[in-house]
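The chain contents come next:
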Amino acid sequence: MIGSGGREHALLWKLAHSPSVKEVYVIPGNDGMTDVAHLIPVKGAEDILDFARLMEVDLTVAGPETVLTEGLADKFAEKGMAFFGPSAAAAQIEGSKSFAKNLMKKYKIPTAAYETFTDEEKAVSYIKKRKKYPLVIKADGLASGKGVVIAETEEQAVQAVRGMLEGKTFGSAGESVVIEEFMEGEEASVLCFTDGNTIVPMISAQDHKRISDGDMGANTGGMGAYAPTPVMTKELDKIVYDTILLPAVKAMKKEGCLFKGCLYAGLMITKDGPKVVEFNCRFGDPETEAVLPLLESDLAKIMLACTKGTLKKEKVEWKNACAVDVVLASEGYPATHSSGEEISGLEEAKKTGCLVFHAGSMKKKGRYFVNGGRVLNVAAVAPTLKEARDKAYEGVSKISWRGMQYRHDIADKGLKRLKKRK
Ligand code: AMP
Ligand code: GLY
């Protein structure tokens, strides 16, 4: 496994419990992952390849998007070594918003109407003609989920575009911008396994992107998730499969960039049906920490089938249960983060039956300390969403450090929706 966050810890945990798996290594990983994997301090594509060859690794899995857009999958493919994750060409579906938007336009995949700009004055004059606010401004390239501005006024929109195109706010990721219509609705994340032809959707999930309760405050990498999300019904699952996932995977094949790996569709469920907010070329974080605990089947076998093109033959089964994952972040996140505070209560949290996935922690002499923005994930599985939520927060209540922050309302939107339905 390549990566070092909570998503990777959840993937490693699931892989380590796969009956077909003997040994798990992570590059570079974090100290909290040693319960399931060996940490390997290797850097750079060539050394990663060498390590995989030397240790006769049967399957390599990419966590983050950056190694994919940089072409790690291509390097493994050249050597005939199994790699879960798309080629650099296919990773553009996340790496370039204009690539993704053009693909959706060409293949009629529902998404917000948009225009792409590289010229500042053209972008500004386009904005001045727009009357409907909010208006959404996005840096074209990768910006760790932070390259999006929801502008409430013309002034904000112009400021965002100028900042991006002048290269101030997002560096080279902002050399080109996408301006798009604001979609109203509730968000859902649908991830799927695909070998480029067959698609197996995972259980739907919902992320919580804002830092504070009630979806207030700054955007983050994600403060918690739950699965399945009641905003997705059986009917919507089918619509998403037929109008989004299948056309997208087929389109990628037709464009000559077969997509193998995990395709993540970030959706807005609007009154006109589900529309794509974004595609990602990898597992979502923190969705993975909620979705994978619900998987019954052998994850390594599924991933290997994706690399070989035999996913159709694979049985992918899910628990009939719900999962909630709460992110614990350090002081100052997302603008900055603190580090060095001692974390207490990890063992007590595990005793409540919760899973604890490490994202930004470090270990010194057997004790854990804060070492990042998102520090830990506390995840719980239970028969109902309410029970999963209660169990996850019981786990959270055992953990503390100075300045620890988390949202208290993970899964509340789902619970409200279930209540209304009754
Ligand atoms: P992205 O990086 O494209 O996923 O955008 C980050 C977040 O901004 C999304 O999760 C949404 O909450 C919000 N967002 C992005 N695009 C739109 C849009 N067109 N309409 C409404 N909200 C959006
Ligand atoms: N949860 C959002 C992401 O992984 O991009």
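Higher on the page you've got the structure.
Described below are features of the structure shown in this document.

The rules behind the values
Residues numbered from 1 in each chain as written. Chains lettered and ligands numbered in written order. Predicted model: local features only at pLDDT ≥ 70, side-chain atom pairs only at ≥ 80, totals over all residues. Heavy atoms only, no water. Phe/Tyr/Trp six-rings, centres within 6.5 Å; stacked < 30°, edge-to-face > 60°. Helix = DSSP H or I, 4+ residues; strand = E, 2+ residues; numbered from the N terminus. Buried < 20%, exposed > 50% of the residue type's maximum accessible area, 1.4 Å probe, protein only. Near = heavy atom within 4 Å. Polar contact = N/O pair within 3.5 Å; in protein donor to acceptor, adjacent residues only side chain to side chain. Areas by Shrake-Rupley, 256 points an atom, 1.4 Å probe, with all protein chains shown as cover. Nonpolar A, V, L, I, M, F, W, Y, C, P; charged D, E, K, R; others polar. Salt bridge = Lys/Arg side-chain N within 4 Å of Asp/Glu carboxyl O. Axes fitted to C-alpha atoms, helices over the stretch in contact; angles between N-to-C directions. Parallel < 35°, antiparallel > 145°, perpendicular 65-115°, else oblique. Contact = heavy atoms within 4.5 Å. Pairing = 2+ DSSP bridges.

### Considerations on the packing of aromatic side chains
For the coordinates displayed, the defined rule picks out 7 aromatic pairs. With centroids separated by 5.2 Å and ring planes inclined at 80°, the aromatic side chains of Y25 and F51 adopt a geometry described as edge-to-face. Taken together, the positions of Y25 in strand β2 (residues 25-28) and F51 in helix α2 (residues 45-54) put the pair 26 residues apart, joining distant regions of the chain. Across the pair, exposure class does not vary: Y25 and F51 are buried alike. Taking the centre distance of 5.1 Å and the plane angle of 45° together, the rings of F117 and Y126 count as tilted. Summarising the burial analysis for this pair, F117 and Y126 share the class buried. Grouped by ring-pair contacts, the aromatic residues F84, F193 and F283 constitute a single cluster.

### Things to note about the site of ligand 2
The environment of ligand 2 is formed by D207, Y264, N280, R282, G284, D285, P286 and E287. Here a nitrogen atom of ligand 2 sits 2.8 Å away from a polar atom, N or O, in the side chain of D207. With respect to ligand 2, the side chain of E287 contributes an N or O atom lying 2.7 Å from a nitrogen atom. Contact with the protein chains removes 90% of the 200 Å² of surface that ligand 2 exposes when unbound. Here the shell around ligand 2 is composed, by residue class, of 2 nonpolar, 2 polar and 4 charged.

### Points about the pattern of salt bridges
Within the structure shown, the criterion is met by 24 salt bridges. Residues K413 and D215 are paired through a salt bridge, measuring 2.9 Å at the closest nitrogen-oxygen approach. Residue K413 is located in helix α14 (residues 412-421), and its partner D215 is located in the loop between β13 (210-212) and β14 (216-219); the two are separated by 198 residues in the primary sequence. Relative accessible area serves as the criterion here: at 33%, K413 is assigned to the partly exposed category. A relative accessible area of 28% means that D215 is categorised as partly exposed. Salt bridges here are not isolated pairs; linked through shared partners, they connect D215, R407, D409 and K413.

### What to know about the packing of helix α5 (residues 88-95) against helix α6 (residues 97-106)
Two quantities define a packed helix pair, namely the angle between the axes and the distance from one axis to the other. Direction vectors running N to C along α5 and α6 enclose 90°, while the axes themselves pass 6 Å from each other. With respect to α6, the axis of α5 lies roughly perpendicular. Of α6, the residues touching α5 (which contributes A89, Q92, I93 and G95) are K97, F99, A100 and L103. By residue class, the composition of the contact of α5 with α6 is 5 nonpolar, 2 polar and 1 charged.

### Section: the site of ligand 1
Inspection of the region around ligand 1 gives 15 residues, with E180, M183, E187, K209 and E278 positioned closest. At 2.7 Å from a nitrogen atom of ligand 1 is found a side-chain nitrogen or oxygen belonging to E180. K209 is positioned such that a nitrogen or oxygen atom in its side chain is 2.8 Å from an oxygen atom of ligand 1. Elements with a minimum of two residues in the shell around ligand 1: β7 (135-139), β8 (148-151), β9 (177-181) and β17 (273-280). Taken together, the residues that form the shell around ligand 1 break down as 8 nonpolar, no polar and 7 charged.

### With respect to the sheet that holds strand β12 (residues 206-207)
With respect to topology, 5 strands assemble into an open sheet ordered β12-β15-β18-β23-β20, the strand pairing being antiparallel. Bordering the open sheet on either side are β12 and β20 (355-358), each of which pairs with just one other strand. Strand direction decides the pairing type here: β12 and strand β15 (residues 224-227), joined by 2 bridges, are antiparallel. For Q206, the partnering residue across the bridge sits in β15 and is Y226. Its contacts with the sheet put helix α1 (residues 6-16) on β20 and β23 (374-382), and the angle it makes with β20 is roughly 125°. Against the sheet, helix α13 (residues 385-398) makes contact with β15, β18 (322-329) and β23, and its axis sits at roughly 30° relative to β18, the strand it touches most.

### A closer look at the sheet that holds strand β11 (residues 199-201)
One open sheet holds the 4 strands; their spatial order is β11-β10-β16-β17, and the pairing between them is antiparallel. Strands with a single pairing partner mark the edges of an open sheet, and in this sheet they are β11 and β17. Each neighbouring strand pair of the sheet contributes to a mean axis angle of 35°, computed without reference to strand direction. Inspection of the sheet shows strand β10 (residues 186-194) paired to β11 by 3 bridges, in the antiparallel sense. Within the sheet, the bridge partner assigned to T194 lies in β11 and is I199.

Worth remembering: the numbers are spatial, not functional.
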